[in-house]
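Secondary and tertiary structure notes
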Amino acid sequence: MNDTPPLVHGHDGWNILDGLLEGCMIIDRDWRYVYLNDAAARHGHVEKGSLIGHTMLEKYPGVEGSGIFAMYKKCMEGRTAGHEEMSYTFPDGSVEWYEFSVNPIPEGIFVLSVDITERKRAEEGARLSREKFTAAFNASPDLMAITGVSDGKILEVNESYSRMLGYSRDESVGKTTAELSIWADAADRERFVAVLEKDGQVIDFETMLRRKDGTTVMVTDSARVFDLQGEKCIFSTAHDITDRKRAERELRLFRSLLDSSSDGIEVMDPNTLGFVDVNEAECRELGYSRGELLSMHATDIDSGMDEERRSSIDAQVRKAGKAKFETEHRRKDGTIFPVEINVTLVELDKPYILSVVRDITERKAEEKMLRESAEELKKYKMAVEAASDNIILTDREGVVLYVNKNTSSLTGYAKEEILGKTASVWGGQMPKEFYEGMWKTLGEEKKPFSAEVVNRRKDGRLYDAEIHISPVLDESGEVRYFIGVERDITKAKEIDTAKSEFISLASHQMRTPLTAINWYSEMLIGGDAGELNAKQKEYFEAIYGASQQMNEIIKTFLHILRLETGSVAMNPVPVDLGEMVRLTVEESKLPIDKKRLRMREQVQEALPPLKIDSELVRVVLQNLISNAVKYTPDDGEVAISVENAARGSVIAGKTAEEDSILVSVRDTGIGIPEADRDKIFTKFFRAGNAKTWDPNGNGLGLYMANRMIHTAKGTLWFASEEGRGTTFYALLPREEL
Ligand code: ADP
């Protein structure tokens, strides 16, 4: 089959191709290798000589099925050129890439081969890394996007971006972020593009992005400008910080909660009891800064606990997870205060002790006060309960809320029989008007009320009682309670009566011998038993004077007895007051003369004779005039006047309520000290200056005169200036007399 003479080996015309980098090979029409240069031998991994003169089929059996043979064949038979890149796997497994160009030549075909393995490898590497990059781009949890700077159009987005914002890649690419309204605050985008364009730096910022569905997501965005085939683009990576933001917000909220708590809060390591955190209140309370406390331990501020108690609390916390106890804390300045601590064991990244510390100084003080006042109250209750007077507490309707023991024993009613009812259970014996008056004073005027009453025991026996009732008002001045004190005065009254009877008896008994003394001394002085010498006369006159005085005292006693027992018998007779005054002055002639007092008597003319108990007028006049004489120094003046006082006329501040007679006795004496004025009419009372002035006196005269005038429905009062003088006024209504 090889009748065609082979091409001359090393044909000069082809030898020029030997130095080329491209492989050159000539295969004749019989598929016999006619020529190949060095590069072609290299490409084929063969020795030149081993191929020349051999056919392809002979050298590479099975080549007919290969792609390269098909190309050669097409050119050999069809006489058309071919061009193809092909990989070639060598028996040793190595793969190389070639670019083959086949051209028909008269001898057969001419094959030109260029080694493109290097290029192919680079291309493959690029492809692989692009795939890797894309995978990474899409696998990143961050939102990534590439946008053009000039037109703001999105060039690429990753899957996270699509997933997070809800725009698929196709919906995003080619649009601007503005068109998609991705920026919740459009100004943000402008600002950041401006910054990027200006200095081309990487910038980091926080912004809010809007999803396709309108919801938003908070991100930190990191962007940089880079050059993509001559065009400036922005590569941005955004990280969803919604969770972080929420956590931060929660932390801030928690912190502000902690700090706004008025209780101190401490977080401690359960093993060392070292402070891990403390809130503001605790710092404030203890006087340490947070920094100082964080280097301290619970034991440094606790001063109220010994080791034993601490370990027992520790055991409790470990067992139950919490404990509550009281102890004392020491401030930085050394002061100590009581606290109540609530401890909880909490598991966070590891276990912590959370202590809520409450300052209980006030509570402790209150507790102490309460304890003390409870004791105080107990004392009062005991005192009230044990009092020998009846003590009764009622509400404002008079319903009994409390009675003490004595009330039961006196009235004979058990407490249960009284409580919830009114005091009329044992009271109610007085006339209706009495109780009306009482309620008027207590309920309307809201003033205390005192009186003597007759009450009735459960067994029916009556008893005398002295009652004092006081309203207890609330803040708005309304009656809240009434407190009544009731004293059984039956005994006292009996004793009083016995005393009075005794005095009455004694006085009457003394009168007879006294009359005898009076009478006989009068006779002796009168010379009935013969002439007396001067000395004798003087002595008898003294005896006579003393017995007169005694007589007056006895009369006073009897008057008072009668006044107090209410057995005064008024015996009004026409009385000439002018005459009465003259007579009374006459009785005091001795001291008047002795002191050289000027006496003025002024009796209104044409004063009709007054119908009055003459003894009463005598006693009153006698007391007022003798006091005026007694308490006025030598050379003083005493003025007595008697005049009409028509109804409505005003005398020394008092108004006559009806037509009356006014008797006034004015002196220039020692006066009545201001402090003593309200007691002047009390039994036995004598003012301090009077006692020094004249030790003789019993303080009964004014008491008696006052009561007498009251009995006659009149009024007795006075005006006085200490050291200057006193005027007593007696106003006696005519009608009543
Ligand atoms: P006494 O026996 O002390 O005079 P009275 O009852 O008559 O008792 O008077 C009571 C007190 O009133 C006197 O002790 C005195 O302090 C005062 N008193 C009464 N009248 C006068 C007066 N005219 N001037 C000064 N003090 C008077």
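Residues numbered from 1 in each chain as written. Predicted model: local features only at pLDDT ≥ 70, side-chain atom pairs only at ≥ 80, totals over all residues. Heavy atoms only, no water.

Description of the overall build of the protein
Spelled out, the test is: Where helices and strands are cited, they refer to DSSP runs of H or I of at least four residues and of E of at least two residues respectively, numbered from the N terminus. A radius of gyration in this sense is built from C-alpha atoms; the matching globule rule multiplies 2.2 Å by the number of residues raised to 0.38. Type-normalised accessible area, obtained with a 1.4 Å probe on protein chains alone, sets the label of each residue: buried when under 20%, exposed when over 50%, and partly exposed for intermediate values. Should any heavy atoms of two residues lie within 4.5 Å, those residues are considered in contact. To be clear on the numbers: accessible area is Shrake-Rupley with a 1.4 Å probe, and residue cover counts the displayed protein chains and nothing else. In this tally, Lys and Arg are treated as positive and Asp and Glu as negative; His is ignored, and so are the chain termini. To locate a charge, take NZ of a lysine, CZ of an arginine, CG of an aspartate or CD of a glutamate.
Looking only at helices and strands, the protein features 25 helices and 29 strands. Computed over its C-alpha atoms, the radius of gyration of the protein comes to 68 Å, more than 25% above the 27 Å expected for a compact globule of 737 residues. Expressed as lengths along the three principal axes of its C-alpha atoms, the size of the protein is roughly 225 × 60 × 50 Å. In the protein, which comprises 737 residues, the proportion classed as buried is 37%. For the protein, contacts bridging at least 24 residues in sequence account for 48% of all contacts bridging at least 6. For the protein, the computed accessible surface area is about 42,700 Å², with 54% contributed by carbon and sulfur atoms. Mean positive and mean negative side-chain charge positions of the protein (96 and 126 charges, respectively) differ by 6 Å.

A word on the side chain of glutamate 340
Basically, it comes down to this: Polar contact is defined as a pair of N or O atoms within 3.5 Å, subject to the rule that within protein one atom must be able to donate a hydrogen and the other to accept it, and that residues adjacent in sequence are counted only when both atoms are side-chain atoms.
Position of glutamate 340 relative to the elements: it lies in strand 14 (residues 336–347). Owing to a relative accessible area of 11%, glutamate 340 belongs among the buried residues under this scheme. At a separation of 3.0 Å, a polar atom in the side chain of glutamate 340 contacts the side chain of arginine 363. The contact partners of glutamate 340, leaving out residues within four places of it in the chain, are Lys324, Phe325, Glu326, Val356, Val357, Arg358, Ile360 and Arg363.

A few points about the domain arrangement of the protein
For the record, the criterion: Where each domain begins and ends is defined by an automated method or by a domain database.
Under the domain assignment, the protein is made up of domain 1 (12–115), domain 2 (130–261), domain 3 (264–365), domain 4 (387–488), domain 5 (493–565) and domain 6 (572–733). Domain 3 and domain 4 are separated by 58 Å when their C-alpha centres are compared.

Examining helix 20 (residues 534–565)
Going by this rule: The length a helix should cover is 1.5 Å for every residue beyond the first.
Along its 32 residues, helix 20 runs 46 Å from first to last C-alpha, staying within 8% of the 46 Å computed at 1.5 Å per residue. Residues Ser547, Asn551, Ile554, Thr556, Leu558, His559, Ile560, Leu561 and Leu563 constitute the buried set of helix 20. Elements that come into contact with the buried residues of helix 20 comprise helix 19 (490–525), helix 23 (614–630) and helix 25 (701–711). Phi for glycine 566, located one or two positions after helix 20, is positive at around 75°.

Considerations on empty space enclosed by the protein
As a reminder of what qualifies: We place a 1 Å grid over just the protein atoms. Points where a 1.4 Å probe fits but has no way out form a cavity, open points with protein on both sides within 12 Å along at least 5 of 7 lines form a pocket, and any residue with an atom within 4 Å of a point lines it. Grid points are joined across faces, edges and corners, and a volume is the space filled by probe spheres set on the points. Three classes are used: nonpolar for Ala, Val, Leu, Ile, Met, Phe, Trp, Tyr, Cys and Pro, charged for Asp, Glu, Lys and Arg, and polar for all others, with Gly counted as polar.
Enumeration according to the criterion identifies three cavities of 30 Å³ or more in this entry. Approximately 140 Å³ is the volume found for the largest cavity. Lining the largest cavity are 13 residues, and of these Tyr161, Thr177, Trp183, Asp221 and Ser236 lie nearest its centre. Of all elements in the fold, only strand 6 (143–148), helix 9 (186–199) and strand 10 (231–240) reach the threshold of two or more residues within the lining of the largest cavity. Partitioning the lining of the largest cavity into residue classes produces eight nonpolar, three polar and two charged. Lining the second largest cavity are Leu577, Leu616, Val617, Val620, Leu621, Leu624, Val663, Ala730 and Leu732.

Re the packing of helix 20 against helix 25
To keep things clear, this is the line we draw: Simply put, an axis is a line fit to the C-alpha atoms, just over the touching stretch for a helix, and the angle between two N-to-C directions goes from 0 to 180 degrees. Roughly parallel here means an angle under 35 degrees, roughly antiparallel means over 145, roughly perpendicular means 65 to 115, and every remaining angle is called oblique. In a left-handed crossing the near helix is turned counterclockwise from the far helix by less than a right angle, and in a right-handed crossing that turn is clockwise.
Their axes nearest at 10 Å, the elements helix 20 and helix 25 cross at an angle of 45°. Considering their axes alone, helix 20 and helix 25 lie oblique with respect to each other. Considering how the two elements wind past one another, helix 20 and helix 25 form a crossing that is left-handed. Residues Thr556, His559, Ile560, Leu563 and Glu564 of helix 20 form the contact with helix 25, whose participating residues are Tyr703, Met704, Arg707, Met708 and Thr711. Of the residues belonging to the contact of helix 20 with helix 25, the class tally is five nonpolar, three polar and two charged.

Quick word on helix 19
With 36 residues, helix 19 ought to run about 52 Å at 1.5 Å a step, and its terminal C-alpha atoms sit 51 Å apart, in line with that. Within the span of helix 19, buried status applies to Ser500, Ser507, Leu514, Asn518 and Ser521. Check the buried side of helix 19 and you find it contacts helix 20. Within two residues after helix 19, glycine 527 carries a phi angle of roughly 80°, on the positive side.

Quick word on the pattern of salt bridges
The condition that has to hold: For salt bridges, the criterion is a side-chain nitrogen of Lys or Arg within 4 Å of an Asp or Glu carboxyl oxygen.
Applying the stated criterion across every chain yields a total of 52 salt bridges. Aspartate 302 is paired through a salt bridge with arginine 310; the nearest N and O atoms lie 3.8 Å apart. One salt bridge connects glutamate 615 with arginine 618, and the closest N-O pair in it is separated by 3.2 Å. Taken together, the residues glutamate 615 and arginine 618, both in helix 23 and three residues apart, mark about one turn of the helix.

Here we look at the site of the ligand
Rules: Throughout this document, a residue counts as near a molecule or strand when at least one of its heavy atoms sits within 4 Å of that molecule or strand.
Around the ligand sit 21 residues, and of these Asn627, Tyr631, Asp667, Arg686 and Leu702 come closest. At 3.3 Å, a side-chain N or O of lysine 630 approaches an oxygen atom of the ligand. Within the backbone of leucine 702, one N or O atom sits 2.8 Å away from an oxygen atom of the ligand. Taking 520 Å² as the accessible area of the ligand by itself, protein coverage stands at 98%. Only helix 23, helix 25 and strand 29 (725–733) provide two or more residues apiece to the shell around the ligand. Among the elements that line the shell around the ligand, the one with the most residues is helix 23, at three residues. Among the residues making up the shell around the ligand, the classes are represented as 11 nonpolar, seven polar and three charged.

Description of the confidence of the model for the protein
Spelled out, the test is: Values of pLDDT, ranging from 0 to 100, describe the predictor's confidence in every residue of the model.
Scored by pLDDT, the protein comes out at a mean of 89, with 97% of its residues at no less than 70. Low pLDDT, under 50, characterises residues 1–10; the stretch is placed with nine contacts to residues that sit more than four places away or in other chains.

Concerning the packing of helix 20 against helix 23
It is the contact of helix 20 with helix 23, at a shortest axis distance of 13 Å, that shows an interaxial angle of 120°. Taken together, helix 20 and helix 23 sit at an angle that is classed as oblique. The handedness of the crossing between helix 20 and helix 23 is left-handed. On helix 23, the residues that touch Glu552, Lys555 and His559 of helix 20 are Glu615, Arg618, Val619 and Gln622.

Some thoughts on the packing of aromatic side chains
Here is the rule we go by: Centre distance within 6.5 Å is the pairing criterion for rings of Phe, Tyr and Trp, where only the six-membered ring of Trp is used; planes under 30 degrees apart are then read as stacked, over 60 as edge-to-face, and the remainder as tilted. Geometrically, a charge over a ring is one whose NZ (Lys) or CZ (Arg) sits within 6 Å of the ring centre while staying within 35 degrees of the ring normal.
Within the structure shown, the criterion is met by 12 aromatic pairs. Centre to centre, the rings of phenylalanine 718 and phenylalanine 728 are 5.3 Å apart; their planes meet at 40°, and the pair counts as tilted. Of this pair, phenylalanine 718 sits in strand 28 (residues 715–721) while phenylalanine 728 sits in strand 29, and the two are 10 residues apart along the sequence. One aromatic cluster is present, formed by Phe434, Tyr435 and Phe449 through successive ring pairs. Between lysine 120 and the ring centre of tryptophan 97, over which it is positioned, the NZ or CZ distance is 4.6 Å.

What about the pairing of strand 9 (residues 216–228)?
Where we set the bar: Paired strands are those between which DSSP finds at least two bridges.
Relative to strand 9, strand 8 (residues 203–210) is paired through eight bridges, and the arrangement is antiparallel. The residue bridging threonine 207 from the neighbouring strand is valine 219, located in strand 9. Counting the residues in the hairpin turn of strand 8 and strand 9 gives five residues, including glycine 214, whose phi is positive at 95°. Sheet topology places strand 9 next to strand 10; 10 bridges connect them, and they run antiparallel. Across the sheet, residue serine 222 finds its bridge partner in strand 10, namely threonine 237. Hairpin connection from strand 9 to strand 10: two residues lie between these consecutive antiparallel strands, with glutamine 229 at a positive phi of about 45°.

Structural notes on the sheet that holds strand 11 (residues 264–268)
Spatial strand order, 12-11-15-14-13: five strands in an open sheet with antiparallel pairing. Each edge of the open sheet carries a strand with a single partner, namely strand 12 (275–278) and strand 13 (322–330). Across this sheet, the average inter-strand angle for adjacent strands is 30°, counted without regard to direction. Strand contacts of helix 14 (residues 307–320): strand 13 and strand 14, with the helix running at about 150° to strand 13, the strand carrying the most contacts.

Thoughts on a nonpolar patch on the surface
Stated precisely, the cut-off is as follows: Residues form patches when they are more than 30% accessible in relative terms and have no salt bridge. Like charges link within 9 Å. Nonpolar side chains (Val, Leu, Ile, Met, Phe, Trp, Tyr) link within 5 Å.
Together, Phe502, Ile503, Ile553 and Phe557 make up a nonpolar patch on the protein surface, roughly 360 Å² of accessible area in all. Where the nonpolar patch is concerned, the elements lending two or more residues are helix 19 and helix 20. Positionally, isoleucine 503 belongs in helix 19.

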